[in-house]
Amino acid sequence: MEFSTFDIALFFLIVASTIIVAFLGARWRAADMSKISEWSIGGRKFGTLIVWFLMGGDIYTAYALISVPGGAYGQGGFILYSAVYGAMSYPFLYYVAPRLYLIAKKKGMITGGDYVRERFKSDTLSLLISLTGIIAMLPYIALQIVGIKYVLQAMNFPIVESYIIAFLIVAAFTVVAGLRGPALGAIIKDILLWAVIITITVVLAIRFDGFSLVFKSLDAQGLNYMIPPNLMIGYMTLAFGNGIAWLLFPNLLTGILGSKDAKTIKKNSVLLPVYQVWMLILAIFGLVALSENLVPNKVSSLAFPSVLTTYFSPTFVSIAFAAIIIGAMIPASLQALSAANLITRNIYLQYINKQASERKQVLVGRISVFIMIVASLIFVLTPAASGLIFYLLTMSYAWLLQTLPAIILSMYWHSLDKYSVAAGWAVGVTFTTYGLYTVKFASSLLPWFKYAYVGLVGLALNLVVLLAVYAIVRMAKIKYESGIAPEEFTDYDVHA
């Protein structure tokens, strides 16, 4: 497809406008960016609408736009695990997130590591959980970087140079505006993406008779778009594991902690599932590419760009491609910010400079944003980045699942101790990393274990070890501490 000068100019205008808005976040509501809570979590001032855009902009990213159609093209109905786990996550979020938010607000916590340190009175456990979150962010940010690769390729831009520049810009506006940058940018990103997806859906539905012709064509060609029988266990374990791990993502937690009250979180747990419609629609786009044989060289991640360039004008495609670029940059900003918060609060402040001023913490956080972006650019070299890229995200989930006892179970199991949690974490993370190594980091399903999801198997081992050590600690009467009394946990904001 040939793009005119106008198309290219329109593309850059949309992307540049969003970047400018993100930079202007630093001036939004006269924020004092020298305060760590203002820079890192927006001062806990965001209402329902802003949190809806922010979390929607963070959750529904280049992952949805590139990897869901690509996954449908490459593995058919298997990719619908993404719709299933989202449906599971929101009820879980509704009941669990307010409890974590309220204790974090009361204690002035900014990260999951802050909560673990206070709950278990252990800097070491806090460090382990924080390092898990930092490492898990690398493939997630890398996913955004890989996501724009195929857009740049379709527009004949120099790929490596372009995404390096794009993500250094991401680092720049994150450094300047903190959480307010992606919060404002997400408004433009989400409005644009909703418009693009709705337009594509209507046009293709008319062309393919409500998509019935697509399925008839697949059947006629003998192309199986159902879930492969050998992957059914993988499908179920992947959906369930990802569903209960969503709250463990540092970037999601950052968005939650930016809310003004617990009621805002509950409202968004009800409203955000609207975005799940995207997953079903985007999967159908991938099937369109499969049935019409649109993808050059069978590169699955080109499914969505191929549909666009085949059925739409260059001008519309340039708008859609701009939306994909924004859909990568805005989430990457929040993801890098959340990892930077962990580095600042749970490594620098805990181990290097316990007396660091808020201004100094913000400085370290800003430096850490650049570190995370550069590290993620390096992570792009892993095998998964050149295959079915949705596996990049499932790797993040696999590692983060091992922090579930420390962050979620501990809010309800008040006698849970640091020794049990640390032992379970060590076994879970070790197994998960080994499992990913056995498949060369190109998948998160274990062919030598009936294609089960490595993260959920790791969590099962984690919990078995946790229970065994918990029994030993009780029998040996080993002393343990908690900095949060059971009665301090609550599910409702009494002031709301």
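Everything numeric here is computed off the predicted structure, so don't read it as measured data. (Residues numbered from 1 in each chain as written. Predicted model: local features only at pLDDT ≥ 70, side-chain atom pairs only at ≥ 80, totals over all residues. Heavy atoms only, no water.)

**Description of a nonpolar patch on the surface**
Link 1 in the chain: Residues Val160, Ile164, Leu168, Phe370, Val374 and Ile378 make up a contiguous nonpolar surface patch of roughly 480 Å² in combined accessible area.
Link 2 in the chain: Counting residues per element, the ones that place at least two in the nonpolar patch are α8 (159-177) and α17 (358-379).
Link 3 in the chain: Relative to the helices and strands, Val160 resides in helix α8.
Link 4 in the chain: In this structure Val160 comes out as partly exposed when scored by relative accessible area, which is 44%. (Patch = residues over 30% accessible without salt bridge, like charges linked within 9 Å, V, L, I, M, F, W, Y side chains within 5 Å. Areas by Shrake-Rupley, 256 points an atom, 1.4 Å probe, with all protein chains shown as cover. Salt bridge = Lys/Arg side-chain N within 4 Å of Asp/Glu carboxyl O. Helix = DSSP H or I, 4+ residues; strand = E, 2+ residues; numbered from the N terminus. Buried < 20%, exposed > 50% of the residue type's maximum accessible area, 1.4 Å probe, protein only.)

**Here we look at the packing of aromatic side chains**
Link 1 in the chain: Inspection of every chain in the model, using the stated rule, returns 27 aromatic pairs.
Link 2 in the chain: Aromatic side chains Phe11 and Phe12 sit 5.2 Å apart centroid to centroid with 85° between the ring planes, which places their arrangement in the edge-to-face category.
Link 3 in the chain: Look at Phe11 and you get buried, because its relative accessible area is 3%.
Link 4 in the chain: Judged by relative accessible area, which is 45%, Phe12 ranks as partly exposed. (Phe/Tyr/Trp six-rings, centres within 6.5 Å; stacked < 30°, edge-to-face > 60°.)

**Some points on empty space enclosed by the protein**
Link 1 in the chain: One pass over the structure, following the stated rule, counts 5 cavities of 30 Å³ or more.
Link 2 in the chain: Each pocket or cavity is described by its volume, and for the largest cavity that value is around 90 Å³.
Link 3 in the chain: As for the largest cavity, its lining consists of 14 residues, and the residues nearest its centre are Gly112, Leu248, Pro250, Leu342 and Ile407.
Link 4 in the chain: Elements with a minimum of two residues in the lining of the largest cavity: α6 (112-120), α7 (123-154) and α12 (250-257).
Link 5 in the chain: Among the elements that take part in the lining of the largest cavity, α7 stands out by supplying 3 residues, more than any other. (1 Å grid on protein atoms, 1.4 Å probe; cavity = no way out; pocket = protein on both sides within 12 Å on 5 of 7 lines; lining within 4 Å. Points joined across faces, edges and corners; volume = space filled by probe spheres on them.)

**Quick notes on the side chain of Ser40**
Link 1 in the chain: By secondary structure assignment, the location of Ser40 is in helix α2 (residues 36-41).
Link 2 in the chain: A distance of 2.5 Å separates a polar atom in the side chain of Ser40 from the backbone oxygen of Ile36.
Link 3 in the chain: The contacts of Ser40, once residues within four sequence positions are left out, are Ile110, Leu179, Thr254, Leu337 and Asn341. (Polar contact = N/O pair within 3.5 Å; in protein donor to acceptor, adjacent residues only side chain to side chain. Contact = heavy atoms within 4.5 Å.)

**Quick look at helix α16 (residues 314-352)**
Link 1 in the chain: Over its 39 residues, α16 runs 53 Å from end to end, which matches the ideal 57 Å to within 8%, given 1.5 Å per residue.
Link 2 in the chain: Counted residue by residue, α16 has 33 buried out of 39 residues, so it is predominantly covered. (Expected span 1.5 Å × (residues − 1).)

**Some thoughts on the environment of Pro405**
Link 1 in the chain: Tracing the chain through its elements places Pro405 in helix α19 (residues 404-407).
Link 2 in the chain: C-alpha of Pro405 to C-alpha of Ala422: the two residues are 17 residues apart in sequence and 9.4 Å apart in space.

**Points about unusual backbone geometry**
Link 1 in the chain: Here Arg44, not a glycine, exhibits a phi torsion of approximately 55°, which is positive.
Link 2 in the chain: Note on placement: Arg44 falls in the loop between α2 and α3 (48-59).
Link 3 in the chain: Look at Arg44 and you get buried, because its relative accessible area is 13%.
Link 4 in the chain: For Asn297, which is not glycine, the phi dihedral falls at a positive 60°.
Link 5 in the chain: Mapped onto the fold, Asn297 is located in the loop between α14 (276-291) and α15 (303-311).
Link 6 in the chain: Residue classification places Asn297 among the exposed residues on the basis of a relative accessible area of 74%.

**Points about the packing of helix α20 (residues 418-438) against helix α21 (residues 454-476)**
Working note: a packed helix pair is described by the angle between its axes plus the distance between those axes.
Link 1 in the chain: Contact geometry for α20 and α21: axes closest at 7 Å, N-to-C directions at 155°. The angle between α20 and α21 falls in the class roughly antiparallel. As for the relative orientation of α20 and α21, their crossing is right-handed in sense. Residues Tyr419, Ser420, Val421, Ala423, Gly424, Trp425, Val427, Gly428, Phe431, Thr432, Gly435 and Leu436 of α20 lie in contact with α21, whose contacting residues are Val454, Gly455, Val457, Gly458, Leu461, Asn462, Val465, Leu466, Val469, Tyr470 and Val473.
Link 2 in the chain: Residue composition of the contact of α20 with α21, grouped by class: 15 nonpolar, 8 polar and no charged. (Axes fitted to C-alpha atoms, helices over the stretch in contact; angles between N-to-C directions. Parallel < 35°, antiparallel > 145°, perpendicular 65-115°, else oblique. Left-handed = near helix turned anticlockwise from the far one by under 90°. Nonpolar A, V, L, I, M, F, W, Y, C, P; charged D, E, K, R; others polar.)

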